[in-house]
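Each chain, letter by letter, is given below.
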There are 2 protein chains.
Amino acid sequence: MSVTVTTARERMELAKTASREIGLLSDERKRDVLRSLADSIVARTDRIVAENAEDLSRGRANGLSDGLQDRLRLDAPRVAALASAVRDVAELPDPVGRVLDERVIGGGVRLTKVSVPFGVVGSIYEARPNVTVDIAALALRSGNAVVLRGGTAAERTNAALVGAMRDALRAQDVDPEAIQTLDDLGRDGARDLMQARGLVDVLVPRGSAQLIETVVTQSQVPVIETGAGVVHIVVDASAREDWAREIIVNAKVQRPSVCNAVETILVHRDAADRLVPVIVADLQEQGVTVHGDAGVAARATDVVPATDADWAQEYLSLDVAMRIVDDIDDAIAHIRTFSTQHTEAIITEDEGSAERFLAEVDAAVVVVNASTRFTDGGEFGFGAEVGISTQKLHARGPMGLPELTSVKWLARGAGHVRA
Amino acid sequence: MSVTVTTARERMELAKTASREIGLLSDERKRDVLRSLADSIVARTDRIVAENAEDLSRGRANGLSDGLQDRLRLDAPRVAALASAVRDVAELPDPVGRVLDERVIGGGVRLTKVSVPFGVVGSIYEARPNVTVDIAALALRSGNAVVLRGGTAAERTNAALVGAMRDALRAQDVDPEAIQTLDDLGRDGARDLMQARGLVDVLVPRGSAQLIETVVTQSQVPVIETGAGVVHIVVDASAREDWAREIIVNAKVQRPSVCNAVETILVHRDAADRLVPVIVADLQEQGVTVHGDAGVAARATDVVPATDADWAQEYLSLDVAMRIVDDIDDAIAHIRTFSTQHTEAIITEDEGSAERFLAEVDAAVVVVNASTRFTDGGEFGFGAEVGISTQKLHARGPMGLPELTSVKWLARGAGHVRA
């Protein structure tokens with residue numbers, strides 16, 4: 001259970017060595033490892049909850065906010081939920097060994113492109129113990145070793161969780177060094193992880209926009225950016241009232257704290273008189289504060305005047321910004337300026353507007369006449385979600401297990417040489 | 001033809017704006033643009049060759065080596081060859097708009113994953129004018145704008161080529177700002193390009209290992225690493241003599257200056273007496289200098305003693321390192337230490353050794369009983385080659401046009417909300 005005092009580099013080298021064994025495990029062996037991980041976490045519930053209580057007590061003494069304390073808190077039901085999520089990942093199809101391309105070249109060399117594990121997956125995240133278990137399970141299921149660097153406020157909780165998971169690897173006769181934590185090394189751990197090119201194959205930051213920005217700008221290891229969502233819904237001149245009202249309430253109210261919730265509504269001026277009053281009333285009835293421009297304020301009551309800062313705001317709360325736009329061009333220009341390229345939607349009955357929006361808006365997911373809340377690995381049918389990529393390299397949008405793999409070309413010849 | 005004196009950032013912003021137009025061009029329009037590019041380059045041959053002569057003259061005065069002068073030199077046939085390569089790219093299938101996944105979610109939302117251009121592709125490379133034209137053509141064919149930063153020794157040549165290509169865009173009524181060069185901005189241009197996150201979507205360095213290392217470690221823009229090849233061939237105990245000899249000569253001698261040429265040969269000790277003498281003799285007959293360990297030297301004449309540096313060497317010349325290994329494990333361990341994960345090969349009649357090698361060796365391309373020279377976009381049937389990726393994110397191995405695209409999820413509903 002104790003973490004040997006070694007350097008970050010030594011631990012990452014151990015992870016790299018262990019990754020070779022993990023990468024060759026069969027589908028069934030990986031499922032067994034994950035089930036064992038879940039069992040081990042449940043069996044150590046008391047210890048995990050006790051260590052978590054120590055983190056919470058330290059957090060309170062250091063003035064950790066109630067919200068962050070709640071994210072950090074583990075009790076027996078939450079520990080059981082963590083283990084249950086691991087069992088769900090165990091049931092997903094193996095992303096390794098898929099044949100992605102086959103061809104015969106050079107007069108008889110058989111070429112096969114197969115999916116292979118990355119090797120070592122790193123993650124830098126905040127004081128959310130569920131990420132510790134999630135990322136470890138997803139990485140192992142896809143044949144990777146994992147190096148974790150969570151928030152120091154969760155250090156003891158994470159150590160207990162990592163200890164439980166490493167015990168499970170030992171019990172399965174798998175190298176426990178496949179799971180590493182750098183939490184005890186403070187900022188040096190994060191820095192060393194970001195510089196570990198050649199040891200760590202990909203780094204997945206999880207957390208606030210600021211944390212992700214730091215990792216993206218400082219890391220020499222390739223990063224998969226799972227970013228913030230300044231998500232827009234455009235209400236076109238032709239938008240159906242019932243669709244507009246239902247989609248906007250769903251997109252804003254169902255779960256305001258997540259990245260696929262809508263943050264800005266852009267209403268075509270030809271629909272403003274018809275739809276602004278009812279949309280604002282619907283939202284206010286659900287407890288939403290509407291930050292509107294003059295055109296919105298003129299058509300509804302209790303509208304908070306929007307400032308320039310509102311257009312760039314990811315509220316993650318029961319707040320929404322709202323603006324009248326001249327036309328589709330104006331809406332697309334606004335989105336180009338403020339979008340984080342996560343999810344953008346339009347509500348329209350006009351096929352031309354819909355297709356223009358789909359073609360011209362640059363985002364991971366572009367939606368016509370549906371809620372932005374569908375941008376989610378579970379909803380997309382991936383079974384689990386590694387995160388939602390807002391970058392264009394390697395993966396874009398909701399990522400499943402296949403996004404934690406790379407590829408390898410296998411060439412089988414019989415003495416073939418190049419002409 | 002003249003480049004307005006603007007900052008790198010201004011030019012990249014112009015490229016970003018132009019990328020929206022380029023990204024929406026039809027397949028046929030993009031073909032026309034490329035054909036026009038080729039015509040424009042040919043029509044301006046005299047000017048290009050004259051500007052190139054100025055670069056060469058400056059290069060000679062600055063002590064540019066004969067080899068680098070040759071890489072820089074353009075005469076009329078070489079200009080024609082550049083244009084011809086552009087015409088070949090025009091004939092390749094459009095990589096944009098491919099449907100990569102389709103599913104229905106949420107009780108009726110139609111989800112389509114399509115390939116889309118990255119937006120703006122950047123490239124940092126050395127004084128090779130052919131790269132200027134290659135990268136521009138590949139980027140435009142895949143719907144991207146391009147920002148070029150070539151070696152300053154080719155500044156006037158590149159300006160003439162970029163001018164010719166921008167004229168072609170104008171003639172096709174396409175925004176000429178889709179092709180930008182930063183050559184006149186010196187080191188600042190390269191630095192600004194590497195920091196242009198949000199403006200440039202992906203950066204492809206081309207050139208020496210040192211240039212690539214600099215870009216990979218300093219860039220905040222996501223990089224596709226096209227790396228060096230310290231390529232190994234393992235001669236197993238069971239290797240057929242004819243295959244071993246033909247493959248090794250082909251892999252070393254056919255084109256020693258390229259990254260898929262073999263640099264180190266590892267011979268199983270049980271095959272050493274049988275094969276080392278003939279392999280060394282074959283290579284020496286082709287003018288190759290063999291840098292061998294004691295086991296190799298004991299079995300052949302004129303072997304230069306290998307030092308530790310030889311095992312890490314990408315000679316790119318008629319030199320090869322050669323070592324006796326105890327077994328497959330020893331060979332794989334050597335490869336793990338020195339491989340650049342480009343291409344690794346084994347020559348063996350033992351199915352078990354072949355499959356172990358394919359599974360355990362971590363490289364973009366792993367080869368059994370064929371030449372390492374097959375690692376090439378043309379040989380793989382891609383028609384053109386963007387480079388050979390030695391990283392694991394996004395693309396691995398030879399890259400074709402599809403590797404210059406990202407994806408976008410399109411969701412089409414009819415008032416659907418998330419339950």
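Values in this document were obtained by computation on a predicted structure and should not be read as measured data.

1. Section: the relation of the copies chain B and chain A
And step 1. For these two chains of identical sequence, chain B goes onto chain A by a turn of 180° and a shift of 0.0 Å along the axis, with RMSD 0.0 Å. Considering both components of the superposition, the chain copies are consistent with a two-fold axis. Taking C-alpha positions as reference, the residue of chain B nearest the rotation axis is H394 of chain B, located at 1.8 Å.
And step 2. Both copies share a contact surface, since 97% of the interface residues of chain B are interface residues in chain A too.

2. A few points about the interface of chain B and chain A
Accessible area lost upon the coming together of the parts serves often as the stated size of an interface.
And step 1. Tallying the contact residues gives 69 residues for chain B and 69 residues for chain A.
And step 2. Taking both sides of the interface into account, the surface hidden between chain B and chain A amounts to around 6000 Å²; carbon and sulfur atoms contribute 53%.
And step 3. Together, L393, W409 and R418 of chain B form the three largest contributors to the area buried by chain B at its contact with chain A, with a combined 14%.
And step 4. Remark: the boundary between chain B and chain A carries 12 salt bridges.
And step 5. One salt bridge in this structure joins D201 of chain A and K392 of chain B, with 3.2 Å as the shortest N-O distance.
And step 6. One can count 53 residue pairs in polar contact (both at pLDDT 80 or more) joining chain B with chain A.
And step 7. If you list the elements that add at least two residues to the side of chain B that touches chain A, you get α1 (8-23), β1 (99-105), β2 (109-117), α9 (209-218), α10 (241-253), α15 (351-360), β13 (365-370) and β16 (405-416) of chain B.
And step 8. Broken down by class, the residue content of the side of chain B that touches chain A amounts to 34 nonpolar, 14 polar and 21 charged.
And step 9. Pairing between strand β13 (residues 365-370) of chain A and β16 of chain B: five bridges, direction parallel.

3. Notes on the pattern of salt bridges
Residues and elements named next belong to chain A.
And step 1. A full pass over the atoms with the stated rule returns 80 salt bridges over all chains.
And step 2. One salt bridge connects D27 with R141, and the closest N-O pair in it is separated by 2.7 Å. With D27 in helix α2 (residues 27-43) and R141 in helix α6 (residues 129-141), this pair connects stretches of sequence that are 114 residues apart.
And step 3. On the basis of relative accessibility, which here comes to 28%, the residue D27 falls in the partly exposed class.
And step 4. Connected through salt bridges with shared partners, the residues D27, E28, R31, D32, R35, E91 and R141 form a single ionic network.

4. Comments concerning the sheet that holds strand β5 (residues 179-181) of chain A
All names here are of chain A.
And step 1. An order of β5-β4-β3-β6 is seen for the four strands of this open sheet, with the pairing classed as parallel. Both edges of this open sheet fall to β5 and β6 (202-206), since each of them pairs with a single strand only. Averaged over all pairs of adjacent strands, the angle between strand axes in this sheet comes to 20°, irrespective of strand direction.
And step 2. As judged from the five bridges shared by strand β3 (residues 120-125) and β6, these two strands associate in the parallel manner. Within β6, the residue paired with S123 across the bridge is V204.
And step 3. Lying over the sheet, α6 contacts β3, β4 (145-149), β5 and β6, oriented at roughly 160° with respect to β4.

5. Focus: helix α11 (residues 269-285) of chain A
Residue and element names in this part refer to chain A.
And step 1. With 17 residues, α11 should reach 24 Å at 1.5 Å per residue; the first-to-last C-alpha distance of 23 Å fits that figure.
And step 2. The largest bend in α11 comes to about 55°, at L275, with the proline P277 one to four residues further on.
And step 3. The inward-facing, buried residues of α11 abut β7 (231-235), α10 (241-253), β8 (262-268), β9 (289-292), α12 (294-297) and β11 (319-325).
And step 4. Of the residues flanking the end of α11, it is G287, one or two places downstream, whose phi is positive at about 85°.

6. Concerning the pairing of β2 of chain B
All names here are of chain B.
And step 1. Among the nine residues that make up β2, eight are buried, leaving the element largely enclosed by the rest of the structure.
And step 2. In terms of strand pairing, β1 meets β2 through six bridges, oriented antiparallel. If you follow D101 over to β2, its bridge partner there is K113.
And step 3. Connecting β1 to the antiparallel partner β2 that follows it, the hairpin turn spans three residues, and G106 within it adopts a positive phi of roughly 55°.

7. Here's the deal with the packing of aromatic side chains
And step 1. According to the stated counting rule, one finds six aromatic pairs over all chains in the structure shown.
And step 2. Aromatic pair F380 of chain A and W409 of chain B: ring centres 4.9 Å apart, planes at 65°, arrangement edge-to-face. In this pair, F380 of chain A sits in the loop between β13 and β14 (387-389) while W409 of chain B sits in strand β16, so the two residues belong to two different chains. Just as F380 of chain A is buried, W409 of chain B falls in that class too.
And step 3. Centroid distance F382 of chain A to W409 of chain B: 6.1 Å. Interplanar angle 55°. Geometry classified as tilted.

8. Observations regarding unusual backbone geometry
And step 1. Positive phi outside glycine occurs at Q341 of chain A, with the angle close to 60°.
And step 2. By the element assignment, Q341 of chain A lies in the loop between α14 (328-338) and β12 (343-347).
And step 3. On the accessibility criterion, Q341 of chain A (21% relative accessible area) is partly exposed.
And step 4. Located in the positive-phi region is D302 of chain B, a residue other than glycine, with phi close to 55°.
And step 5. Here D302 of chain B shows up in the loop between α12 (294-297) and β10 (304-305).

9. Regarding the side chain of E344 of chain B
Residue and element names in this part refer to chain B.
And step 1. Along the chain, the position of E344 falls in strand β12 (residues 343-347).
And step 2. In this structure E344 is buried but unpaired, with R396 as the nearest side chain of opposite charge at 9.3 Å.
And step 3. Among the polar contacts listed, one links the side chain of E344 to the side chain of S339, at a separation of 2.7 Å.
And step 4. Beyond its immediate stretch of four places on either side in the chain, E344 contacts V230, V231, H232, I335, S339, F357, V361, A363, V365, V366 and V367.

10. Notes on the environment of R141 of chain A
Residues and elements named next belong to chain A.
And step 1. With relative accessibility at 0%, the residue R141 sits in the buried group.
And step 2. Put simply, R141 and D27 are 114 residues apart on the chain and 8.3 Å apart in space, counted from C-alpha to C-alpha.
And step 3. Other than its neighbours up to four places away in sequence, R141 contacts D27, K30, R31, L34, V89, A90, L92, P93, D94, P95 and L401.
And step 4. Polar contacts involving the side chain of R141 include one to the main-chain carbonyl oxygen of V89, which spans 3.3 Å.

11. With respect to the confidence of the model for chain A
And step 1. Of all residues in chain A, 99% have pLDDT values of 70 or greater, and the mean over the chain is 95.
And step 2. Here the predicted complex scores 0.92 on pTM and 0.92 on ipTM.

12. Looking at the side chain of N260 of chain A
And step 1. Among the secondary structure elements, N260 of chain A is positioned in the loop between α10 and β8.
And step 2. A distance of 2.9 Å separates a polar side-chain atom of N260 of chain A from the backbone oxygen of T375 of chain A.

Calculation notes
Residues numbered from 1 in each chain as written. Chains lettered and ligands numbered in written order. Predicted model: local features only at pLDDT ≥ 70, side-chain atom pairs only at ≥ 80, totals over all residues. Heavy atoms only, no water. Least-squares fit on C-alpha atoms with pLDDT ≥ 70 in both. Contact = heavy atoms within 4.5 Å. Buried area = accessible area lost by both parts, 1.4 Å probe. Salt bridge = Lys/Arg side-chain N within 4 Å of Asp/Glu carboxyl O. Polar contact = N/O pair within 3.5 Å; in protein donor to acceptor, adjacent residues only side chain to side chain. Helix = DSSP H or I, 4+ residues; strand = E, 2+ residues; numbered from the N terminus. Nonpolar A, V, L, I, M, F, W, Y, C, P; charged D, E, K, R; others polar. Pairing = 2+ DSSP bridges. Buried < 20%, exposed > 50% of the residue type's maximum accessible area, 1.4 Å probe, protein only. Axes fitted to C-alpha atoms, helices over the stretch in contact; angles between N-to-C directions. Expected span 1.5 Å × (residues − 1). Bend = angle between axes of the 7 residues up to and from the residue. Phe/Tyr/Trp six-rings, centres within 6.5 Å; stacked < 30°, edge-to-face > 60°. Lys, Arg positive; Asp, Glu negative; His and termini not counted. pLDDT = per-residue confidence, 0-100.

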